[in-house]
Amino acid sequence: MTSVDIEPRPLFYADHLPPRAPEAIDLVVIHCTELPDLETARRYGERVHYPQSQTGNCGHYYVDRDGKIQEWVPPLRIAHHVRGFNERSIGVELVNRGRYPNWLDSRRQEMTEAYPDGQIEALAALLMHLAGSLPALRWICGHEQLDNEWVAAADRKTLRVRRKRDPGPLFPWPTVLGASPLAPFPGRAPGN
């Protein structure tokens, strides 16, 4: 197993998320936070979106621009990070502005922030670590591959925009795939 420096920073509801066996995890989903910084992402992650379970939306791991990694949800808990694939996947969030703050504005769908080398190197180390500790882990994909729903644009309801575009066009897939033992996920979202 590869050694990587991961700071435990569990969300207050992490222990309320359903448990799962390591053998159930075969996929890593790469996200970008689409927020300006890690602390803004933390505030969002701490919001309760599911009152019955008192849990929210979050990934398992967060990789900051400087390469620091935090674990917000242990991998053997099911986090809410991608519709339809949570039970089998690990969510890795990269701090990146994405389309912030105009996520659904049809005039501002560009994602212009590049991913720094240190952040990508830390991601590669995390992927090696996860592959060494989760026996069934074999696939990787972006959030946009699994959630490709089109929704009404915020500025003009007659226009449609992609609900999720992360990690986006500037994510260096060849570099990440070349440094990881994981293969591109062959599946798509149900119905797509």
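All values reported here derive from a predicted model rather than from experimental measurement. (Residues numbered from 1 in each chain as written. Predicted model: local features only at pLDDT ≥ 70, side-chain atom pairs only at ≥ 80, totals over all residues. Heavy atoms only, no water.)

Colleague: Help me understand the nonpolar core, please; the structure alone is not making it clear to me.
Modeller: Considering soluble globular proteins, one finds that nonpolar side chains tend to be buried as a cluster. In this structure, Val28 and Val92 are the most contacted members of the largest nonpolar core, which totals 24 residues. Secondary structure elements with two or more residues in this core: β2 (27-32), β3 (61-63), β5 (89-94) and α2 (117-133). Take this core: its biggest share by element is 6 residues, from α2. Among the nonpolar cores identified, the runner-up in size contains 12 residues, and Leu11, Leu35, Cys58 and Tyr62 belong to it. (Core = buried A, V, L, I, M, F, W, Y, C linked by side-chain atoms within 4.5 Å. Buried < 20%, exposed > 50% of the residue type's maximum accessible area, 1.4 Å probe, protein only. Helix = DSSP H or I, 4+ residues; strand = E, 2+ residues; numbered from the N terminus.)

Colleague: What am I meant to see in unusual backbone geometry here?
Modeller: Negative phi characterises most residues that are not glycine, and trans characterises most peptide bonds. In the segment running from Tyr100 into Pro101, the intervening peptide bond is cis, with an omega of -5°. By the secondary structure assignment, Pro101 is in the loop between β5 and α2. Phi at Glu34 is positive, roughly 55°, even though this residue is not glycine. As for its placement among the helices and strands, Glu34 is situated in the loop between β2 and α1 (38-45). You can call Glu34 buried: its relative accessible area is 4%. Positive phi is not limited to glycine here, since Gln54 has a value of about 60°. Among the secondary structure elements, Gln54 is positioned in the loop between α1 and β3.

Colleague: Teacher, can you tell me more about the pairing of β5 here?
Modeller: Two faces, one strand: in a regular strand the side chains alternate between the faces of the sheet. Counting buried residues in β5 gives 6 out of 6 residues, a clear majority hidden from the surface. Here β5 shows no split at all, with Ser89, Gly91 and Glu93 on one side and Ile90, Val92 and Leu94 on the other all buried. Bridge count for β3 against β5 is 3 bridges, and the pairing is parallel. Across the sheet, the residue bridging to Tyr61 is Val92, located in β5. (Pairing = 2+ DSSP bridges.)

Worth remembering: the numbers are spatial, not functional.
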